[in-house]
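Spelled out, the chains give:
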Amino acid sequence: MDEIKEECGVFGIYHNPEAASLAYFGLHALQHRGQEGAGIATADGKDIYCFKGRGLLASVFEQGGLAGLKGGNSVGHVRYGTEGGNEIENVQPMVARAQIGSIAVVHNGQIANAGELRCELENNGSIFRGTSDSEIILHMIQRRKGPLLRKIQEACKKLDGAFSFLILTEKNLYAIRDKNGLRPLSIARLNEGYCLSSESCAFEAIGAKFLRDVRPGEVIKLSEKGMESSFYTEETQHRICAMEYIYFSRPDSNVEGLNVHTVRKKCGKIMAMKDRDGLAADIVVGVPDSSLSAAMGYSEASGLPCEMGLIKNRYVGRTFIKPTQRLRDMGVKMKLSVNVSVVAGKRVVLIDDSLVRGTTSRYIVQLLKEASAKEVHLRIASPAIIYPCFYGVDTSTQQELISYRLSSAALREYVGADSLRFLSLEDLQRACGGNCCFACFNGEYVTPLYCHGEKSK
Ligand code: SF4
């Protein structure tokens, strides 16, 4: 499969006697954001306790790791690593013991100038345990002077790229979002305390009441005094990653005030309206799960029935043993099956959320044709991805992007569809508003880019 993957989800609880268990449930709701590692750190006013491991959250904690996590404050993390390997050293939370006390950090996003900062820090004596750029944040903070809030603010000024992170100290909890607001982060009320999450769906899971999104450039401090807000810069803008709407976030999450399902459905509707002049088809089929909302929208606007033509096997974990192509193919087949009785003899409008390397779409079209679908018309509910992402999504080179390499005619031929159409960028902007990062579609990056330590725009 060539799904795009994002780097991580973060979750935090301030002031609740069940901080560790609530973090566990919150992270469960964020599991779709990362399956390579998970961890929780808690604080009881005197010290920080941490438990983490590689793999899915449930398997990390199945031997009772929650039992030792004491205290009323917590931060947690689910990891998909685009930067740094999958070694345990890179699994978060990252905990540091220093003169100012212990602190734990969890991070979602990618520091664009990580290489440059790491060199600088190493030259000044810092020693790194892992290769994740999240560790850089810790070092940057430790090396600044003054109270912790000022140290965080000063450190953030040096960071370029995407970062939503939580910092747990022995007594307090801080939430920080980069000045462009590239990665989501929201705050909610939970009884007398607070709760922070990459996605609002996790608030629902634990009964927390959504307050608002953390603002770009904002540093929120939660302490005995309550919630205090400050900004590390005045140069802020709202540029949430458009992929949160298209693919990453759960449909029941609200991102920057917009419900994800509703945005996806709108994209599907717009696509159907563009097809009005002439696409003769029998059924609409969405690729489960993230394309189902767009398929519903397409169905509603076109009048074609939305059918369950593809079934996802939810109980297939990651395939670690892939020694031969044949076994690799079997692994993929286990994840997705065709409902043959539904698609045989039908002209199918196949809705997929995005097309990155092309192998998944090609495979699904082939599956449908093998199941005797008469025609397959592939509709991608997002624009063609022709630029890499440097903000925590694993499309780091342009060459791996099939829409960059092939013309639309060659691409249609490659995936084997009878027709192929993408949502236009203008239509995506209509669906999710203009205040997003659209750089992987138009190359307009919201921060400077770095190449071998050189800064460019
Ligand atoms: S470049 Fe694309 S994937 Fe990366 S943050 Fe921007 S919109 Fe999201």
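Residues numbered from 1 in each chain as written. Predicted model: local features only at pLDDT ≥ 70, side-chain atom pairs only at ≥ 80, totals over all residues. Heavy atoms only, no water.

**Some thoughts on the side chain of R79**
Step number 1: Of note, R79 is situated in strand β4 (residues 73-79).
Step number 2: Among the polar contacts listed, one links the side chain of R79 to the backbone oxygen of N90, at a separation of 3.5 Å. (Helix = DSSP H or I, 4+ residues; strand = E, 2+ residues; numbered from the N terminus. Polar contact = N/O pair within 3.5 Å; in protein donor to acceptor, adjacent residues only side chain to side chain.)

**Here's the deal with the layout of surface pockets**
Step number 1: The calculated volume of the second largest pocket comes to roughly 500 Å³.
Step number 2: Around the second largest pocket, the lining is made up of 22 residues, and of these V95, A96, R97, R129 and L138 lie nearest the centre.
Step number 3: The set of elements that each furnish at least two residues to the lining of the second largest pocket consists of β3 (48-54), β5 (94-98) and α4 (134-142).
Step number 4: Top element by residues in the lining of the second largest pocket is β5. It accounts for five residues. (1 Å grid on protein atoms, 1.4 Å probe; cavity = no way out; pocket = protein on both sides within 12 Å on 5 of 7 lines; lining within 4 Å. Points joined across faces, edges and corners; volume = space filled by probe spheres on them.)

**Observations regarding the site of the ligand**
Step number 1: The environment of the ligand is formed by R183, C241, A242, M243, C389, Y391, V393, C437, A439 and C440.
Step number 2: Put simply, the ligand lies in the largest cavity.
Step number 3: Of all the secondary structure elements, the ones that give two or more residues to the shell around the ligand are α7 (242-248) and α16 (439-442).
Step number 4: Partitioned by chemical class, the residues of the shell around the ligand number nine nonpolar, no polar and one charged. (Near = heavy atom within 4 Å. Sits in = over half its atoms within 2 Å of the grid points. Nonpolar A, V, L, I, M, F, W, Y, C, P; charged D, E, K, R; others polar.)

**With respect to helix α1 (residues 19-29)**
Step number 1: A large share of α1 lies buried, amounting to eight of its eleven residues.
Step number 2: Restricting attention to buried positions, one finds in α1 the residues A19, A20, L22, A23, Y24, G26, L27 and A29.
Step number 3: Packed against the buried residues of α1 are β1 (9-14), β2 (37-43), α2 (57-60), β4, β9 (186-190) and α6 (201-206). (Buried < 20%, exposed > 50% of the residue type's maximum accessible area, 1.4 Å probe, protein only. Contact = heavy atoms within 4.5 Å.)

**Details of the domain arrangement of the protein chain**
Step number 1: Assigned domains within the protein chain: domain 1 (9-238) and domain 2 (264-442).
Step number 2: Here domain 1 and domain 2 have C-alpha centroids that lie 33 Å from each other.
Step number 3: Carbon and sulfur atoms supply 58% of the area buried between domain 1 and domain 2, which totals about 820 Å² over both sides.
Step number 4: At the junction of domain 1 and domain 2, the tally comes to zero salt bridges. (Domains from an automatic or database assignment. Buried area = accessible area lost by both parts, 1.4 Å probe. Salt bridge = Lys/Arg side-chain N within 4 Å of Asp/Glu carboxyl O.)

**Points about the sheet that holds strand β13 (residues 226-231)**
Step number 1: One open sheet accounts for six strands, arranged β5-β6-β7-β8-β12-β13; its pairing is antiparallel. Strand pairing shows two members of the sheet lacking a second neighbour, β5 and β13, which therefore form its edges. Across this sheet, the average inter-strand angle for adjacent strands is 20°, counted without regard to direction.
Step number 2: Where strand β7 (residues 161-169) and strand β8 (residues 173-177) come together, five bridges link them in antiparallel fashion. What sits directly across from S164, in β8, is R177. (Pairing = 2+ DSSP bridges. Axes fitted to C-alpha atoms, helices over the stretch in contact; angles between N-to-C directions.)

**Details of the nonpolar core**
Step number 1: M243, Y391, L428 and F441 are the most contacted members of the largest nonpolar core, which has 47 residues in total.
Step number 2: Ignoring any residue separated from it by four or fewer positions in sequence, one finds F441 in contact with A242, M243, I246, P383, A384, I385, I386, Y387, L425 and L428.
Step number 3: V338, L368, V376 and I402 belong to the second-largest nonpolar core, a separate cluster that totals 27 residues. (Core = buried A, V, L, I, M, F, W, Y, C linked by side-chain atoms within 4.5 Å.)

**Observations regarding the pairing of β9**
Step number 1: Summarising burial for β9: four of the five residues are buried, a large majority.
Step number 2: Pairing of β9 with strand β11 (residues 209-213) involves four bridges; the strand directions are antiparallel. Within β11, the position partnered with A188 by the bridge is F210.
Step number 3: Relative to strand β10 (residues 193-197), β9 is paired through five bridges, and the arrangement is antiparallel. Following the sheet pairing, R189 is matched in β10 by Y194.
Step number 4: The turn linking β9 back onto β10 is made up of two residues, and N191 within it adopts a positive phi angle of 50°.

**Details of the confidence of the model for the protein chain**
Step number 1: In the predicted model, the protein chain carries a mean pLDDT of 90, and 92% of its residues have values of at least 70.
Step number 2: Per-residue pLDDT stays below 50 along residues 318-323; that stretch engages in six contacts with residues further than four places along the chain or on separate chains. (pLDDT = per-residue confidence, 0-100.)

**Focus: the environment of G76**
Step number 1: Summarising the element assignment, G76 is placed in strand β4.
Step number 2: Along the sequence, G76 and S341 sit 265 residues apart, while their C-alpha atoms lie 44 Å from each other.
Step number 3: Each residue touching G76, except ones within four places of it in the same chain, is listed here: G9, V10, F11, L27, G39, I40 and V106.

**Quick word on empty space enclosed by the protein**
Step number 1: Counted according to the given criterion, the structure contains three cavities of 30 Å³ or more.
Step number 2: A volume near 150 Å³ is recorded for the largest cavity.
Step number 3: For the largest cavity, the lining is made up of 18 residues, of which C241, M243, C389, V393 and C440 are closest to its centre.
Step number 4: When contributions to the lining of the largest cavity are tallied by element, the ones reaching two or more residues are α7 and α16.
Step number 5: For the lining of the largest cavity, the element with the highest residue contribution is α16, accounting for three residues.
Step number 6: Here the lining of the largest cavity is composed, by residue class, of 16 nonpolar, one polar and one charged.

**Focus: the pattern of salt bridges**
Step number 1: Scanning all chains against the criterion turns up 19 salt bridges.
Step number 2: Overlapping salt bridges bring together R33, R183, E199 and E244 as one network.

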